[in-house]
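Listed below, chain by chain, are the residues.
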Amino acid sequence: SQQGEEDPQALSIQEGENATMNCSYKTSINNLQWYRQNSGRGLVHLILIRSNEREKHSGRLRVTLDTSKKSSSLLITASRAADTASYFCATDAPGANSKLTFGKGITLSVRP
Amino acid sequence: ETGVTQTPRHLVMGMTNKKSLKCEQHLGHNAMYWYKQSAKKPLELMFVYNFKEQTENNSVPSRFSPECPNSSHLFLHLHTLQPEDSALYLCASSPQVGWTGPETQYFGPGTRLLVL
């Protein structure tokens, strides 16, 4: 079944550095989204990119999508300690009836 | 705050207990979801409701019984659970299943369940 797989599984950076996280998926998609989850909390939607878009920005977030490679990247610029969280990509496919498929997530640690 | 609340936030129960998880959304959405999140595993979709009707049961054991009395409320009734059912249970909502817009889901904070 289609599934987003994030890479790396864990990332540790210094505050102020940029963090890049990648997601790959297996089949055609309508949209790809990134969510953040703080420890023991629910997921919070960050940004959505449609299959016909290649790049999108939202504040310090930049998302790219390469449908030919079936991959996406999430870049967080000028990271802050508060960005420490798990990040998930989620895809929805044509005909999947709104069902989202999530990856296992990337644990990002930003050291002050 | 995402507009989706869940109670209780933490629950410890024995394998013979019966308990219920509650989810409420204040976003005017018509679709609601139950997910199970276990350590080091992808989020697992359990159930989907659209306009109070169940549209998806992802092969969930019958010891989990969902109930959706209206579009704003969703329950998950638990009975005779197993220790491997210990996990974070997340509720989410979205405008509706099959909506032509982008499918963004809004999550509650989750219920951390421990089955002893």
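Details of the structure are given in the entry above.
Residues numbered from 1 in each chain as written. Chains lettered and ligands numbered in written order. Predicted model: local features only at pLDDT ≥ 70, side-chain atom pairs only at ≥ 80, totals over all residues. Heavy atoms only, no water.

Undergrad: How should the packing of aromatic side chains be read in this particular structure?
TA: Scanning the model with the defined rule gives 7 aromatic pairs over all chains in all. Seen in terms of ring centroids, phenylalanine 102 of chain A and tyrosine 35 of chain B are 5.7 Å apart; in terms of plane orientation they differ by 90 degrees. Their pairing is edge-to-face. Residue phenylalanine 102 of chain A is located in strand S10 (residues 100-102), and its partner tyrosine 35 of chain B is located in strand S4 (residues 31-37); the two belong to separate chains. Through a chain of ring-to-ring contacts, three or more aromatic side chains come together here, namely Tyr35 and Phe102 of chain A together with Tyr33, Tyr35 and Phe107 of chain B. (Phe/Tyr/Trp six-rings, centres within 6.5 Å; stacked < 30°, edge-to-face > 60°. Helix = DSSP H or I, 4+ residues; strand = E, 2+ residues; numbered from the N terminus.)

Undergrad: Honestly, the pattern of salt bridges in this entry has me stumped. Any pointers?
TA: Close approach of charged atoms allows side chains of opposite charge to pair. On inspection of all chains with the given rule, the structure shows 6 salt bridges over all chains. Residues aspartate 83 of chain A and arginine 60 of chain A are paired through a salt bridge, measuring 2.9 Å at the closest nitrogen-oxygen approach. Here arginine 60 of chain A lies in the loop between strand S6 (55-58) and strand S7 (61-66) and aspartate 83 of chain A lies in the loop between strand S8 (71-76) and strand S9 (85-92), a separation of 23 residues in the sequence. Judged by its relative accessible area of 6%, aspartate 83 of chain A is buried. Notably, a salt bridge pairs glutamate 44 of chain B with lysine 41 of chain B, separated by 3.6 Å at the nearest N-O pair. For glutamate 44 of chain B, a relative accessible area of 30% gives the class partly exposed. Overall, lysine 41 of chain B belongs to the partly exposed group, its relative accessible area being 41%. (Salt bridge = Lys/Arg side-chain N within 4 Å of Asp/Glu carboxyl O. Buried < 20%, exposed > 50% of the residue type's maximum accessible area, 1.4 Å probe, protein only.)

Undergrad: What should I look at first to understand the pairing of strand S3 (residues 19-24) of chain A in this one?
TA: The side chains of a regular strand alternate between both faces of the sheet. All names here are of chain A. The two faces of S3 differ: Ala19, Met21 and Cys23 on one face are buried, but Thr20, Asn22 and Ser24 on the other face are not. The sheet contact formed by strand S1 (residues 5-7) and S3 spans 3 bridges and is antiparallel. When the sheet's bridge partners are listed, glutamate 5 is paired in S3 with serine 24. Bridging between S3 and S8 involves 6 bridges; their strand directions are antiparallel. Bridged to methionine 21 within S8 is leucine 74. (Pairing = 2+ DSSP bridges.)

Undergrad: Would you explain the state of the cysteines in this entry?
TA: Covalent bonding between the sulfur atoms of two cysteines defines a disulfide. Applying the stated criterion to the full structure yields 2 disulfides over all chains. The side chain of cysteine 23 of chain A participates in a disulfide bridge whose partner is cysteine 89 of chain A; the two sulfur atoms lie 2.0 Å from each other. Between cysteine 23 of chain A and cysteine 89 of chain A, the disulfide has an S-S torsion of 65 degrees and is therefore right-handed. One end of the pair, cysteine 23 of chain A, is in strand S3; the other, cysteine 89 of chain A, is in strand S9, with 66 residues separating them in the sequence. An identical accessibility class is assigned to cysteine 23 of chain A and cysteine 89 of chain A; each is buried. With its sulfur 1.9 Å from that of its partner, cysteine 23 of chain B forms a disulfide with cysteine 91 of chain B. What sets the handedness of the cysteine 23 of chain B and cysteine 91 of chain B disulfide is the S-S torsion sign, and at about -75 degrees it is left-handed. With cysteine 23 of chain B in strand S3 (residues 18-25) and cysteine 91 of chain B in strand S9 (residues 87-94), this residue pair connects regions lying 68 residues apart in the sequence. This pair shows no difference in class: cysteine 23 of chain B is buried, exactly as cysteine 91 of chain B is. The structure places no disulfide on cysteine 68 of chain B, whose sulfur is separated from the nearest cysteine sulfur, that of cysteine 91 of chain B, by 9.0 Å. (Disulfide = S-S within 2.5 Å.)

Undergrad: Just checking my understanding: could you explain the interface of chain B and chain A for this structure?
TA: Think of interface size as the accessible area that goes away when the parts come together; that is how it is often given. At the interface, 24 residues of chain B touch 21 residues of chain A. Counting the surface lost from both chain B and chain A, the interface buries some 1,700 Å², and carbon and sulfur atoms represent 55% of this. One can count 1 salt bridge joining chain B with chain A. Residues glutamate 56 of chain B and lysine 99 of chain A are paired through a salt bridge, measuring 3.2 Å at the closest nitrogen-oxygen approach. At the surface where chain B touches chain A, the tally comes to 5 residue pairs in polar contact (both at pLDDT 80 or more). (Contact = heavy atoms within 4.5 Å. Buried area = accessible area lost by both parts, 1.4 Å probe. Polar contact = N/O pair within 3.5 Å; in protein donor to acceptor, adjacent residues only side chain to side chain.)

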